[in-house]
Amino acid sequence: MNLKKDAYGQQVFAYFKGKPSSEIVEREDGLIGVSTGSPLYFSDYNKWPVLEKKAIKYAKGNVLDVGCGAGRVCLYLQKKGLNVLGFDNSPLAIKVCKLRGVKNAKLLSIENIGKLKFSSIDSVIMFGNNFGLFGNFNKAKVLLKEIYKITKPNAVIIAQSVDPYKTKDSIHLSYHKLNKKRGRMSGQLKIRVRFEKYISDWFDYLLISQKEMKEILEGTGWKIKKFINSKSSSYVAIIEKV
């Protein structure tokens, strides 16, 4: 990725350098949101959301951290003695990971996850709503099959998402209708990230209900073991091999 388009990484690197920073997320329909996620990206375990604290207990063995960001999950699991590989498509996020002490961080897009030459994987972590990185229904199915190939028979995926239907906001509801009209999933967002003068390319980011997640998993070799719910629309799925 061109560093000029690595808006997320620029924001993470700025925060690492001690500069207060937040990213702007722009949706294709003109909606602008400001994310204050930087403190969470760098947070120690004791400041993680309760949902994630419950879910991380399912991590075991060789761990793959998908969209590792600033490396908070990698660092926590390293301290627990687990063998962890974090990957992200942001060059600057990977740089920050290494500067913070992540032992094994790789620049990689999720589309190339099947090319990883990592020891057989026991756990795949997708915190930060990173199930959304699959982008759309069909791509999710393809990539889940790729993950199946590089994981052990008793492997688990620990995946966080947001139920897009748990809203009464008319702006979001109208976007759902627009998506359905275009043959897209209601929670299939087309967004880009801005930070200062940096702007990423547009990309799809998928928010799904628990029912939709079950539908995506069908035929991929994976099934839901359990859902861990929160008081908000966010949840974590513990996914195991069929």
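Residues numbered from 1 in each chain as written. Predicted model: local features only at pLDDT ≥ 70, side-chain atom pairs only at ≥ 80, totals over all residues. Heavy atoms only, no water.

## Re the overall build of the protein chain
Next up, step 1: Assigned secondary structure in the protein chain consists of eight helices and 12 strands.
Next up, step 2: Relative to the 2.2 N^0.38 estimate, which gives 18 Å for 242 residues, the radius of gyration of the protein chain is 17 Å and therefore close to what a compact globule would have.
Next up, step 3: Each principal axis of the C-alpha atoms in the protein chain carries an extent, and together these give about 45 × 45 × 35 Å.
Next up, step 4: Sorting the 242 residues of the protein chain into buried and exposed places 51% on the buried side.
Next up, step 5: Within the protein chain, contacts between residues separated by at least 24 positions form 62% of all contacts whose residues are at least 6 apart in sequence.
Next up, step 6: Only carbon and sulfur atoms are counted for the fraction: they give 52% of the accessible area of the protein chain, which is about 11,800 Å². (Helix = DSSP H or I, 4+ residues; strand = E, 2+ residues; numbered from the N terminus. Rg over C-alpha atoms; globule rule 2.2 N^0.38 Å. Buried < 20%, exposed > 50% of the residue type's maximum accessible area, 1.4 Å probe, protein only. Contact = heavy atoms within 4.5 Å. Areas by Shrake-Rupley, 256 points an atom, 1.4 Å probe, with all protein chains shown as cover.)

## Regarding the packing of aromatic side chains
To describe a pair of aromatic rings, you give the distance between the ring centres and the angle between the ring planes.
Next up, step 1: This structure, assessed with the given rule, holds 10 aromatic pairs.
Next up, step 2: Here a set of aromatic residues connected by ring pairs shows up, and it is made of Tyr45, Trp48, Tyr76 and Phe127.
Next up, step 3: Note that Arg27 overlies the ring of Tyr175, its terminal NZ or CZ placed 4.1 Å from the centroid. (Phe/Tyr/Trp six-rings, centres within 6.5 Å; stacked < 30°, edge-to-face > 60°. Lys NZ or Arg CZ within 6 Å of the ring centre and 35° of its normal.)

## Observations concerning the nonpolar core
Next up, step 1: Residues Leu64, Ile113, Met126, Phe134, Ile157, Met213 and Ile239 are the most contacted members of the largest nonpolar core, which totals 34 residues.
Next up, step 2: Mapped by element, the contributors of at least two residues to this core are β3 (62–66), β4 (83–88), β6 (121–126), α6 (137–149), β7 (151–162), α8 (210–217), β11 (222–229) and β12 (234–241).
Next up, step 3: Not counting residues within four places of it along the chain, the set of residues in contact with Ile157 comprises Val124, Met126, Leu144, Ile147, Trp222, Ala237, Ile238 and Ile239.
Next up, step 4: Core analysis: the second largest hydrophobic core is formed by 24 residues, Leu51, Leu77, Val84 and Ile125 among them. (Core = buried A, V, L, I, M, F, W, Y, C linked by side-chain atoms within 4.5 Å.)

## Quick notes on helix α5 (residues 91–99)
Next up, step 1: Within the sequence span of α5, burial applies to Leu92, Ala93, Ile94, Val96 and Cys97.
Next up, step 2: Check the buried side of α5 and you find it contacts α1 (7–16), β4 and β5 (105–107).
Next up, step 3: In the stretch just after α5, Gly101 is the one whose phi turns positive, near 105°.

## Brief notes about the packing of α6 against α8
Next up, step 1: Orientation of α6 relative to α8, taken along the N-to-C sense of each, is 55°, at an axis distance of 9 Å. The orientation of α6 relative to α8 falls into the category oblique. In this structure, the crossing between α6 and α8 has a hand that is right-handed. Residues Phe137, Ala140, Lys141 and Leu144 of α6 touch α8, and the partners they reach there are Glu215, Ile216 and Leu217.
Next up, step 2: In terms of residue class, the contact of α6 with α8 is made up of five nonpolar, no polar and two charged. (Axes fitted to C-alpha atoms, helices over the stretch in contact; angles between N-to-C directions. Parallel < 35°, antiparallel > 145°, perpendicular 65-115°, else oblique. Left-handed = near helix turned anticlockwise from the far one by under 90°. Nonpolar A, V, L, I, M, F, W, Y, C, P; charged D, E, K, R; others polar.)

## Description of the packing of α1 against α5
Next up, step 1: At a closest axis distance of 7 Å, the pairing of α1 and α5 adopts a crossing angle of 30°. In terms of axis orientation, α1 runs roughly parallel to α5. Every residue of α5 that contacts α1 at Tyr8, Gly9, Gln10, Val12, Phe13 and Phe16 is listed here: Leu92, Ala93, Lys95, Val96 and Leu99.
Next up, step 2: Of the residues belonging to the contact of α1 with α5, the class tally is eight nonpolar, two polar and one charged.

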